[in-house]
Amino acid sequence: MTDLRTDTLDTFAEIFGRRADGLWSAPGRVNLIGEHTDYNEGFVLPFAINRRTLVALGLRDDRKARVGSSFADELVEIDLSELSPENLSGWSAYPLGLAWALTEFGVDLDAVPGFDILIDSNVPVGAGLSSSAAIECAVAVALNDAWQLGLDRPTLARVGQRAENVAVGAPTGIMDQSASLLGQADAAVFLDCRSLVSEVVPLGLEAAGLEIVIIDTGVEHAHATGGYAERRASCEEGARVLGVESLRDVSVADLDRARDLLDDVTFRRVRHVVTENQRVLDTVRTLREQGPTAIGELLDASHVSMRDDFEISVPELDLAVETAQANGAIGARMTGGGFGGSAIALVPSENLSRVFVAIDGAFAENGFGQPDVFTVTPSEGAKRED
Ligand code: ADP
Ligand code: MG
């Protein structure tokens, strides 16, 4: 991280010919449990990880906004007066869309100076670790400070979500931004996506001798075009037929009635969301009462529900989960939106190397591309670095 920080500031100076005013960062996130529940106004339990996106920012005397990224060759430039979702595309829609989205929260772009921004990151892109929220949230805290907006973190999370929904065009919920902005070391963020009330829940991994392993399958997901929007539509349809505002209002006890009213596919989509909400509540309670070694079965059950009911897993994710479980993981599940991306496994330190070796072997044996397997540490949320 120290190196990345210095690199980012140096590159900013090289590209823009002056020093940055400051440096901010925001982490990617992993969802411990609670998948596809956020847009159903349900519960999620993500945590911020020790992979971060950095934003070096310098204000300008004019009204230009310029953004560069280690991720892309080109520098994108636009006048603040022209910022609108229609004028944004590609990777720069994330940082510039964030600036635009602030206008929906009372910020007058006529009253603020332009900026130069350089972005650098060690959050893997498209791995389900939300490099998108990391970039949005890093830009959000940077502009909030530089423009002295005084917006609080829950509001900045909503700004990030608007940028992603409207400027980028990905119909995602508010989980990723909340984790990136509200995360703390060795803790998860329990978020009620209806009230937007959140609570930090200690994980106690270190004390329990547990590691979190991420298996990035390398299979790429695509939110804006993939099955994500289709699953979302199924949930809306289920809620409509059941006569509720959202699936948050359906409990496990209501599922028998739901089975009679819904077609098989819609019923299984609904059952995933309803049981997943209950699993999040159970995980929070179990963490508090018994600690992290007791949540394994809930993680495993979550994976089965996503594989069989929500049908968003892929063979690589199933293999990662099963191999981890068979080699000493306490629990494992795919994490993120699905159709690729990563799996997460909770592994006692002493079984770590066994799990790594087994996963590499299993992927090779099945003719799958080599996965990227690494540990993550639950870490603090977005902050000013320099
Ligand atoms: P995920 O959030 O799972 O990593 P997404 O498809 O939601 O995947 O977001 C990835 C997109 O976010 C990239 O294709 C790119 O447009 C943008 N992005 C992420 N990180 C950066 C970065 N450091 N620089 C520029 N663009 C980035
Ligand atoms: Mg994303």
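Everything in this summary refers to the structure shown in the same document. (Residues numbered from 1 in each chain as written. Chains lettered and ligands numbered in written order. Predicted model: local features only at pLDDT ≥ 70, side-chain atom pairs only at ≥ 80, totals over all residues. Heavy atoms only, no water.)

**What to know about the environment of His 303**
With respect to the helices, strands and loops of the structure, His 303 is situated in helix α10 (residues 296–309). For His 303, a relative accessible area of 3% gives the class buried. Once you skip the residues sitting within four places of it in the chain, His 303 turns out to touch Ser 313, Leu 317, Asp 318, Val 321, Ala 332, Arg 333 and Met 334. There is a polar contact of 2.8 Å between the side chain of His 303 and the side chain of Asp 318. (Helix = DSSP H or I, 4+ residues; strand = E, 2+ residues; numbered from the N terminus. Buried < 20%, exposed > 50% of the residue type's maximum accessible area, 1.4 Å probe, protein only. Contact = heavy atoms within 4.5 Å. Polar contact = N/O pair within 3.5 Å; in protein donor to acceptor, adjacent residues only side chain to side chain.)

**A closer look at the packing of helix α3 (residues 131–146) against helix α4 (residues 153–168)**
Close contact between α3 and α4 brings their axes to 9 Å; oriented N to C, the two are set at 125°. By the criterion of interaxial angle, the relationship of α3 to α4 is oblique. Two packed elements cross with a definite hand, and for α3 against α4 that hand is right-handed. Seen from α3, the contacting residues are Ser 132, Ala 133, Glu 136, Ala 140, Val 141 and Asn 144; seen from α4, they are Arg 153, Leu 156, Gly 160 and Glu 164. Among the residues making up the contact of α3 with α4, the classes are represented as four nonpolar, three polar and three charged. (Axes fitted to C-alpha atoms, helices over the stretch in contact; angles between N-to-C directions. Parallel < 35°, antiparallel > 145°, perpendicular 65-115°, else oblique. Left-handed = near helix turned anticlockwise from the far one by under 90°. Nonpolar A, V, L, I, M, F, W, Y, C, P; charged D, E, K, R; others polar.)

**With respect to the sheet that holds strand β10 (residues 342–348)**
Taken together, four strands build an open sheet; the order of strands is β9-β10-β8-β11 and the sheet is antiparallel. Where the open sheet ends on each side, the last strands, each with one partner, are β9 (331–335) and β11 (372–376). On average, adjacent strands in this sheet sit at an angle of 25° to one another, irrespective of strand direction. In the sheet, strand β8 (residues 210–216) pairs with β11 via five bridges, with the strands oriented antiparallel. Note on β11: the bridge partner recorded for Val 213 is Thr 375. (Pairing = 2+ DSSP bridges.)

**Here we look at unusual backbone geometry**
The residue Glu 41 is not glycine, and still its phi comes out positive at about 60°. Tracing the chain through its elements places Glu 41 in the loop between β1 (22–33) and β2 (43–59). One non-glycine residue, Gln 148, adopts positive backbone phi at about 50°. In this fold, Gln 148 is placed in the loop between α3 and α4. When its relative accessible area of 72% is taken as the criterion, Gln 148 is described as exposed.

**Details of the environment of Phe 310**
On the secondary structure map, Phe 310 appears in the loop between α10 and α11 (315–326). Phe 310 gets classed as buried once you look at its relative accessible area, which sits at 0%. Measuring from C-alpha to C-alpha, the distance between Phe 310 and Ser 234 comes to 9.9 Å, with 76 residues separating the pair along the chain. Sequence-distant contacts of Phe 310, that is, excluding residues within four places in its chain, are made with His 36, Tyr 39, Arg 231, Cys 235, Arg 269, His 272, Val 273 and Ser 305.

**Considering the packing of aromatic side chains**
A full pass over the atoms with the stated rule returns five aromatic pairs. With 5.6 Å between their ring centres and 65° between their planes, Tyr 39 and Tyr 228 make a pair best called edge-to-face. Taken together, the residues Tyr 39 in the loop between β1 and β2 and Tyr 228 in helix α7 (residues 228–242) connect sequence positions 189 residues apart. Accessibility expressed as a relative area gives 6% for Tyr 228, which makes it buried. The side chain of Arg 51 reaches across the aromatic face of Phe 374, ending 4.4 Å from its centre. (Phe/Tyr/Trp six-rings, centres within 6.5 Å; stacked < 30°, edge-to-face > 60°. Lys NZ or Arg CZ within 6 Å of the ring centre and 35° of its normal.)

**Looking at a negative patch on the surface**
Taken together, the side chains of Asp 3, Asp 7, Asp 10 and Glu 14 make up a negatively charged region of the molecular surface. Mapped onto the fold, Glu 14 is located in helix α1 (residues 2–16). (Patch = residues over 30% accessible without salt bridge, like charges linked within 9 Å, V, L, I, M, F, W, Y side chains within 5 Å. Areas by Shrake-Rupley, 256 points an atom, 1.4 Å probe, with all protein chains shown as cover. Salt bridge = Lys/Arg side-chain N within 4 Å of Asp/Glu carboxyl O. Lys, Arg positive; Asp, Glu negative; His and termini not counted. Charge placed at Lys NZ, Arg CZ, Asp CG, Glu CD.)

**Some details on the side chain of Arg 269**
The residue Arg 269 is located in helix α9 (residues 264–289) in this model. Note on Arg 269: relative accessible area 7%, which makes it buried. Engagement of the side chain of Arg 269 in a polar contact is seen with the side chain of Glu 311, the distance being 3.0 Å.

**What about the site of ligand 1?**
Lining the immediate surroundings of ligand 1 are 18 residues, of which Ser 69, Gly 126, Ser 130, Ser 131 and Ser 132 lie closest. Contact distances for ligand 1 include 2.9 Å between an oxygen atom and a side-chain N or O atom of Ser 132. In isolation ligand 1 offers 570 Å² of accessible surface; the protein chains occlude 88% of this area. Counting only elements with at least two residues in the shell around ligand 1, the list comes to β5 (115–121) and α3. If you tally residues by element for the shell around ligand 1, the top one is α3, at three residues. Per-class residue counts for the shell around ligand 1 are nine nonpolar, eight polar and one charged. (Near = heavy atom within 4 Å.)

**Points about the pairing of β2**
With 14 of its 17 residues buried, β2 lies for the most part within the structure. Pairing between β2 and β5: seven bridges, direction antiparallel. Paired with Leu 54 across the two strands is Asp 120, which belongs to β5.

**Details of the side chain of Glu 316**
One can find Glu 316 in helix α11. At 13 Å, Arg 307 is the nearest oppositely charged side chain to Glu 316, a buried residue that forms no salt bridge. When neighbours within four sequence positions are excluded, Glu 316 is seen to be in contact with Thr 217, Val 219, Phe 363 and Phe 368.

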